[in-house]
Amino acid sequence: MPLIEWKDEFKLGISEIDAQHQRILALINELYAMVDEKKYTENNQMDHVIQELADYAIYHFSTEEKYFQLFGYEKKDEHIKIHEQYKAKIEEWRQRYNQDKNPAIFFEISEFLQNWWTWHINNTDRAYVPFLQANGVK
Ligand SMILES: [Fe+2]
């Protein structure tokens, strides 16, 4: 079973952002499935998924931040700060894993990702939807 099932409740109504969120959840599920099947010993597959998750999140954040800057979103500073904290957290984990290669960390990461993204999409992101839509983003 996937860790997070994509549900209509996750939809913000902005197709570009929704598609990116869907991709992120799919990557989290991919990571979780690997953890669940104990694939962390195989050919750095986990490293690959973690890297993709980190890179794709950065790409996604930059999409949102581009709109914040473009239209002058009033909560942009606090929203960008949350993105920065996320990036720092992922970096911290990457370093920790590289040091001790302890796979237990992946359970921690999966749980964090599940909680973080569920909350972020439904609260922090949802808050910008009326503003972006009022500026013509669909
Ligand atoms: Fe965001």
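This structure is a prediction, so every number in the text was calculated from the model and none was measured. (Residues numbered from 1 in each chain as written. Predicted model: local features only at pLDDT ≥ 70, side-chain atom pairs only at ≥ 80, totals over all residues.)

Peer 1: Describe the overall build of the protein chain, with residues and values.
Peer 2: Of regular secondary structure, the protein chain possesses 5 helices and 0 strands. Walking the protein chain from its N terminus toward its C terminus, one meets helices and strands in the order α-α-α-α-α. Relative to its length of 138 residues, the protein chain is compact, with a C-alpha radius of gyration of 16 Å against a globular reference of 14 Å. Across its three principal axes, the protein chain shows a C-alpha extent of roughly 50 × 30 × 20 Å. Looking at the protein chain residue by residue over its 138 residues, the buried ones come to 17%. A separation of at least 24 residues holds for 69% of the contacts in the protein chain among residues at least 6 apart in sequence. (Helix = DSSP H or I, 4+ residues; strand = E, 2+ residues; numbered from the N terminus. Rg over C-alpha atoms; globule rule 2.2 N^0.38 Å. Buried ≥ 20, exposed ≤ 12 C-beta atoms within 10 Å, placed from the backbone. Contact = placed C-beta atoms within 7 Å.)

Peer 1: Tell me about the nonpolar core, and please be specific about residues and values.
Peer 2: The biggest cluster of nonpolar side chains holds 14 residues, and the ones touching the most others in it are Ile28, Leu31, Met34, Val35, Met46 and Val49. Secondary structure elements with two or more residues in this core: helix H1 (15-36), helix H2 (45-71) and helix H4 (105-125). Each residue touching Leu31, except ones within four places of it in the same chain, is listed here: Val49, Ile50, Leu53 and Ser110. (Core = buried A, V, L, I, M, F, W, Y, C linked by C-beta atoms within 7 Å.)

Peer 1: I'd like a description of the packing of H2 against helix H3 (residues 76-100), backed by residues and values.
Peer 2: The geometry of a pair of packed helices is captured by two quantities: the angle between their axes and the separation between those axes. Where H2 meets H3, the closest approach of the two axes is 11 Å, and the angle between their N-to-C directions is 170 degrees. In terms of orientation, H2 lies roughly antiparallel with respect to H3. Counting all contacts with H2, which are made through Ile50, Ala54, Ala57, Ile58, Phe61, Glu65, Phe68 and Gln69, the residues of H3 involved are Lys76, His79, Ile80, His83, Tyr86, Lys87, Ile90 and Arg94. (Axes fitted to C-alpha atoms, helices over the stretch in contact; angles between N-to-C directions. Parallel < 35°, antiparallel > 145°, perpendicular 65-115°, else oblique.)

Peer 1: Give a detailed account of H4, specifying residues and quantitative values.
Peer 2: Its maximal kink placed at Trp119, H4 deviates by approximately 25 degrees. The set of residues buried in H4 consists of Phe106, Ile109, Ser110, Leu113 and Asp125. Of the surrounding secondary structure, the elements contacted by the buried residues of H4 are H1, H2 and H3. (Bend = angle between axes of the 7 residues up to and from the residue.)

Peer 1: I'd like a description of the packing of H3 against H4, backed by residues and values.
Peer 2: Running from amino to carboxyl end, H3 crosses H4 at an angle of 170 degrees, the nearest separation of the two axes being 12 Å. Here H3 is positioned roughly antiparallel relative to H4, judged by the angle of their axes. Where H3 abuts H4, its residues His79, Ile82, Tyr86, Trp93, Arg96 and Tyr97 lie against Ile105, Ile109, Trp116 and Thr124. The residue inventory of the contact of H3 with H4, partitioned by class, reads 7 nonpolar, 2 polar and 1 charged. (Nonpolar A, V, L, I, M, F, W, Y, C, P; charged D, E, K, R; others polar.)

Peer 1: Quick one: what's the story with H3, residue by residue and with numbers?
Peer 2: When the terminal C-alpha atoms of H3 are compared, their 37 Å separation across 25 residues agrees well with the 36 Å that a helix rising 1.5 Å per residue should span. Remark: Lys101 follows H3 within two positions and exhibits a positive phi of approximately 50 degrees. (Expected span 1.5 Å × (residues − 1).)

Peer 1: Describe in detail unusual backbone geometry, supporting the description with residues and values.
Peer 2: Its identity is not glycine, yet Lys101 carries a phi of approximately 50 degrees, on the positive side. Note on placement: Lys101 falls in the loop between H3 and H4. According to the C-beta neighbour criterion, Lys101 is exposed, with 11 such atoms within 10 Å.

Peer 1: I'd like a description of the environment of Lys38, backed by residues and values.
Peer 2: With respect to the helices, strands and loops of the structure, Lys38 is situated in the loop between H1 and H2. On the neighbour-count criterion, Lys38 (10 C-beta atoms within 10 Å) is exposed. Sequence separation of Lys38 and Pro103 is 65 residues, and the distance between their C-alpha atoms is 8.7 Å.

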